[in-house]
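Observations on the three-dimensional arrangement
Okay, here's what each chain looks like letter by letter:
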Amino acid sequence: MRIGLLGTGPWADMAHAPALAGHGDLDFVGVWGRRPDAAKELAERHGTRAYDDVDALLADVEAVAVALPPAVQAELAVRAARAGCHLLLDKPLAATVEQGRAVVEAVRVAGVASVVFFTARFQPETEAWIGQQAAEDGWFTARAQWLGALFGDGEGDSPFAASPWRREKGALWDVGPHALSVLLPVLGDARRVTAAAPGPGDTVHLVLDHTGGASSTLTLSLTAPPAAAGATVELRGRAGVTLLPEATEGPVPALRRAADALLSAAEGGRPHPCDAAFGLRVTEILAEAEVLLTDRR
């Protein structure tokens, strides 16, 4: 499959470009970015071509991977789908529910495949655990803590610290999708966000009511002290207590598995569980929580 990359930032550099260039079933055709010099540099390092015109790249490929802020991603995903391109997208799908719905509708009308890269869903240990727990009945409650040190004491140590959209949207939209991608397939859809409260910095606390009968609590932050950073998901129910295992590999192999999933969906026509529709549902839950948090602040 001929694929292009939209985006030239740190995530495109450290994850997307290496994953696409090293995938045996993909032809990495080229890179487009909002900064032409950065696109040229990234393309040269991976033996491909930089495009000045995004529509020219869309015309030359069968699929695109997107590593851009969510609002920009949503706009270009619609454009790419209308050009007949399959979509390898990042989380969150969009910055608003309306943008997310536009992506899902464009995918439906064009008949293209879509996969949203929720990291834990494409790492062997975590995905296997999610599948095992989803097969169990009787979950009573769950807690998810997804704590990053991007801002605050850890500021400046990460290439993502200068990200404008993360500054604006905070942990809810950046690490919230990770937590939801683990909880929803196990506990069922969130019928509603029953509570939301702000914490220190950009920290937020959420309580969800799930269709499977369980409730869950989420603590999300990008301003945790570095020594306190990390991700934990704990489930409690009739089967006992179980914790999400740690992944043993970085994002590049996981992104290659996401590309495998896109290839499979494109060839077989069967949607992947982490398709644009799932990305939209996550966006809807985040937006619901955002409204509650706005009312509390």
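Refer to the structure above for everything that follows.
**Details of the pairing of strand E12 (residues 240–243)**
Each regular strand displays side chains that alternate between the two surfaces of the sheet. Of the strand pairs in this sheet, strand E11 (residues 230–237) and E12 are connected by four bridges, and their pairing is antiparallel. Its bridge partner being in E12, arginine 236 is matched across the sheet by valine 241. The antiparallel hairpin formed by E11 and E12 contains two residues in its connecting segment.

**Digging into the side chain of aspartate 209**
Looking at where aspartate 209 falls in the secondary structure, it is placed in strand E9 (residues 204–210). You can call aspartate 209 buried: its relative accessible area is 18%. With near-sequence residues (within four places) excluded, aspartate 209 lies in contact with Asp189, Ala190, Arg191, Arg192, Thr194 and Ala214.

**Section: the packing of helix H6 (residues 124–134) against helix H8 (residues 176–187)**
For the pair H6 and H8, interaxial distance at closest approach is 8 Å and the crossing angle is 25°. As judged from the angle between their axes, H6 and H8 are roughly parallel. Considering only the axes of H6 and H8, their crossing is right-handed. For the pair H6 and H8, the contacting residues are Trp129, Ile130, Gln133 and Ala134 in the first and Ser181, Val182, Pro185 and Val186 in the second.

**Digging into the pattern of salt bridges**
Applying the stated criterion across every chain, the model contains 18 salt bridges. A salt bridge links arginine 49 to aspartate 60, with the nearest nitrogen and oxygen atoms 3.9 Å apart. Residue arginine 49 is located in strand E3 (residues 49–51), and its partner aspartate 60 is located in helix H3 (residues 54–60); the two are separated by eleven residues in the primary sequence. Classification of aspartate 60 as partly exposed rests on a relative accessible area of 30%. A salt bridge links glutamate 290 to lysine 169; its shortest N-O distance comes to 3.4 Å. In this pair, glutamate 290 sits in helix H10 (residues 276–296) while lysine 169 sits in helix H7 (residues 164–174), placing the two residues 121 residues apart along the sequence. For glutamate 290, a relative accessible area of 27% translates into the label partly exposed. If you follow the salt bridges from partner to partner, you end up with Arg101, Asp189, Arg281 and Glu284 in one network.

**Description of the environment of aspartate 27**
Position of aspartate 27 relative to the elements: it lies in strand E2 (residues 27–32). Spatially, the C-alpha atoms of aspartate 27 and arginine 2 are 4.6 Å apart, while their sequence positions differ by 25 residues. Once you skip the residues sitting within four places of it in the chain, aspartate 27 turns out to touch Met1, Arg2 and Ile3. Looking at aspartate 27, its side chain comes within polar contact range of the side chain of arginine 2, at 3.3 Å.

**Focus: the packing of aromatic side chains**
With the rule as written, the count across this model stands at four aromatic pairs. Site record: aromatic cluster; members linked through ring pairs are Trp11, Phe117, Phe122 and Phe160. Arginine 49 extends its terminal NZ or CZ atom over the ring of tyrosine 51, reaching a point 4.0 Å from the ring centre. Its end group placed over the ring of tryptophan 173, lysine 169 keeps NZ or CZ at 4.1 Å from the ring centre.

**Notes on the sheet that holds strand E4 (residues 63–66)**
Strand pairing within a sheet occurs via backbone hydrogen bonds; the two strands may be parallel or antiparallel. The parallel open sheet is built from six strands, whose spatial order is E3-E2-E1-E4-E5-E6. Every other strand in the sheet has two partners, leaving E3 and strand E6 (114–117) as the edge strands with one partner each. Averaged over all pairs of adjacent strands, the angle between their axes in this sheet comes to 25°, without regard to strand direction. Summarising the sheet, strand E1 (residues 2–6) and E4 pair through four bridges and their orientation is parallel. Bridge assignment links glycine 4 to a residue of E4, and that residue is valine 64. Running at roughly 165° to E6, helix H9 (residues 251–268) makes contact with E4, strand E5 (86–90) and E6 of the sheet.

Conventions adopted
Residues numbered from 1 in each chain as written. Predicted model: local features only at pLDDT ≥ 70, side-chain atom pairs only at ≥ 80, totals over all residues. Heavy atoms only, no water. Pairing = 2+ DSSP bridges. Helix = DSSP H or I, 4+ residues; strand = E, 2+ residues; numbered from the N terminus. Buried < 20%, exposed > 50% of the residue type's maximum accessible area, 1.4 Å probe, protein only. Contact = heavy atoms within 4.5 Å. Axes fitted to C-alpha atoms, helices over the stretch in contact; angles between N-to-C directions. Parallel < 35°, antiparallel > 145°, perpendicular 65-115°, else oblique. Left-handed = near helix turned anticlockwise from the far one by under 90°. Salt bridge = Lys/Arg side-chain N within 4 Å of Asp/Glu carboxyl O. Polar contact = N/O pair within 3.5 Å; in protein donor to acceptor, adjacent residues only side chain to side chain. Phe/Tyr/Trp six-rings, centres within 6.5 Å; stacked < 30°, edge-to-face > 60°. Lys NZ or Arg CZ within 6 Å of the ring centre and 35° of its normal.

In short, geometric facts, not functional conclusions.
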